Amino acid sequence: MTNSKNLKKGTQAIHVGNHPDKTTGAVIPPIYQTSTFVQSSPGEHQGYEYSRSHNPTRSRLEECLASLENADYALVTSSGMSAISLIFQALPKGSKVLCGDDVYGGTYRILNTIYNDRFELKQVNSTDLEAVHDVLNSYKPDLIWLESPTNPMLQISDIHAIVEASRKIGAKVVLDNTFMSPYFQNPLDLGVDMVVHSLTKYINGHSDVVGGAIMLNDKELYDKLWYLQNSIGPSQSPFDSWLVLRGIKTLAIRMEAHAKNAMIIAEFLENHPKIEKVIYPGLSSHPQHELAKSQMSGFGGMLSLYIKGGLEETKRFLEEVNLFVLAESLGGVESLIEHPAIMTHASVPSEERAILGITDNFVRVSVGIEDVNDLKKDLNDALKTI
Ligand SMILES: *Cc1c(COP(=O)(O)O)cnc(C)c1O
């Protein structure tokens, strides 16, 4: 392989980790669907002993993912949540965690119900730099957990500014980059210490695998995370890693298509009489539109909206759409739609949901790559019924 760092993302996604099989010439390397590896003498092997520890198919995916995030190391795990959990496992007991106030429901849940007796936790509106500076200085966290854009409010934080401020107090910064994928945003380049992804979403892109990944440059931290993964066991199966390698090849064209469709749908809905408000980083009405332009190379495929009406009208709209599949998750080629208050964010207490703006008429949309005219018609037909 030529130095993968000189290649564009669309090429990396297809070629890195995808060398033809040396023994047979197969252009697509086989799936190493094996749990164990033969040794010629005790301790004598070819680098692989047992698939919980390492598997050649998973290693290929790790190589590809590291290159896409401009990272030295990547660790592939059985789910996004197990990747997130490994990072918290690596954090010493008694550490102080500062977390954005609008994060993935599962991240919120694990911090508040699984690790709540292990760490101190504070949350902050990470779009408010002044509030971030204040809490960094008074609370002095060891780890800062960010999402940008956030889920489901699509708020954008100034990643580089937060990293600079965190360095001054010696805190590490982790960014969950699931919403942008490595195609539109590379947080390690902005100084973040670790990037986490749910491979389940855009990276695999076909709604048929659950997986996660951590990308980073620090060898010592990588070794610790690998040790934890090998000890605790959330390693991805070879078959799932192979499916992600298959899905990831089209990451570049999928992300371009998601973003193009999302922009058209966002503009269409912003002018629709049945819609109160649309949130999409690509719209100039988005409060951090300029910041989004400066730290992302595209605006992604996620948008949120408020229906004019209450729970009844919103439910009706969600029942009436056909192409938009009413389901949790996001980032698949098919368009998905969901009701955060009842579905993905039900684990966030209702008072906090109200503060964030996750109301009964609030809807999150993952715009797929179907023909955009069909998508517009589907939304319009459903909106006519309310
Ligand atoms: C889905 C998701 C996760 C969790 O990933 P799983 O693969 O479902 O375990 C974490 N963060 C974000 C932003 C997500 O969308």
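Residues numbered from 1 in each chain as written. Predicted model: local features only at pLDDT ≥ 70, side-chain atom pairs only at ≥ 80, totals over all residues. Heavy atoms only, no water.

**Q** Just to check I follow, could you spell out the site of the ligand for this structure?
**A** Neighbouring residues of the ligand: 14 residues in total, closest Met 81, Asp 176, Ser 198, Thr 200 and Lys 201. Residue Asp 176 places a side-chain N or O atom 2.6 Å away from a nitrogen atom belonging to the ligand. Between the ligand and Lys 201, the relevant distance is 2.8 Å, taken from an oxygen atom to a side-chain nitrogen or oxygen of the residue. Protein chains shield 92% of the accessible area of the ligand, which is 380 Å² for the free molecule. Looking at the shell around the ligand, the element that brings in the most residues is helix α3 (residues 80-89), giving three residues. The class makeup of the residues in the shell around the ligand is six nonpolar, six polar and two charged. (Near = heavy atom within 4 Å. Polar contact = N/O pair within 3.5 Å; in protein donor to acceptor, adjacent residues only side chain to side chain. Areas by Shrake-Rupley, 256 points an atom, 1.4 Å probe, with all protein chains shown as cover. Helix = DSSP H or I, 4+ residues; strand = E, 2+ residues; numbered from the N terminus. Nonpolar A, V, L, I, M, F, W, Y, C, P; charged D, E, K, R; others polar.)

**Q** Just to check I follow, could you spell out the domain arrangement of the protein chain for this structure?
**A** For interface size, the figure often reported is the accessible area lost on association. What the domain assignment lists for the protein chain is domain 1 (4-248) and domain 2 (252-383). Taken over C-alpha atoms, the centre of domain 1 sits 26 Å from the centre of domain 2. Each partner contributes residues to the interface: domain 1 has 37 residues there, and domain 2 has 42 residues. There are zero salt bridges connecting domain 1 and domain 2. For the pair domain 1 and domain 2, the number of links is 16 residue pairs in polar contact (both at pLDDT 80 or more). Those elements that place two or more of their residues in the side of domain 1 that touches domain 2 are α4 (105-114), α7 (181-184) and α9 (238-248). Classifying every residue of the side of domain 1 that touches domain 2 gives 16 nonpolar, 16 polar and five charged. (Domains from an automatic or database assignment. Contact = heavy atoms within 4.5 Å. Salt bridge = Lys/Arg side-chain N within 4 Å of Asp/Glu carboxyl O.)

**Q** How should the environment of Pro 29 be read in this particular structure?
**A** Topologically, Pro 29 is positioned in the loop between α1 (9-15) and α2 (56-68). Each C-alpha atom of the pair Pro 29 and Leu 245 lies 10 Å from the other, and the pair is 216 residues apart in sequence. The residues contacting Pro 29, other than those within four sequence positions of it, are Asn 18, His 19, Asp 21, Arg 60 and Trp 242.

**Q** Help me understand α4 in this model?
**A** Structural remark: α-helix, 3.6 residues per turn; residues separated by three or four positions point the same way. Among all positions in α4, only Gly 105, Gly 106, Thr 107, Tyr 108, Ile 110 and Leu 111 are buried. The inward-facing, buried residues of α4 contact α3, β2 (96-100), β3 (120-124), β4 (143-147) and α13 (350-356). (Buried < 20%, exposed > 50% of the residue type's maximum accessible area, 1.4 Å probe, protein only.)

**Q** Which parts of the structure should I look at to understand the pairing of strand β9 (residues 302-307)?
**A** When a strand is regular, its side chains alternate between the sheet's two faces. Counting buried residues in β9 gives six out of six residues, a clear majority hidden from the surface. Where burial is concerned, the two faces of β9 agree: the one with Met 302, Ser 304 and Tyr 306 and the one with Leu 303, Leu 305 and Ile 307 are both buried. Note that strand β8 (residues 275-279) and β9 share four bridges and pair antiparallel. Across the sheet, residue Val 278 finds its bridge partner in β9, namely Leu 305. Strand direction decides the pairing type here: β9 and strand β12 (residues 362-366), joined by five bridges, are antiparallel. When the bridges of β12 are listed, Leu 305 appears paired with Val 363. (Pairing = 2+ DSSP bridges.)

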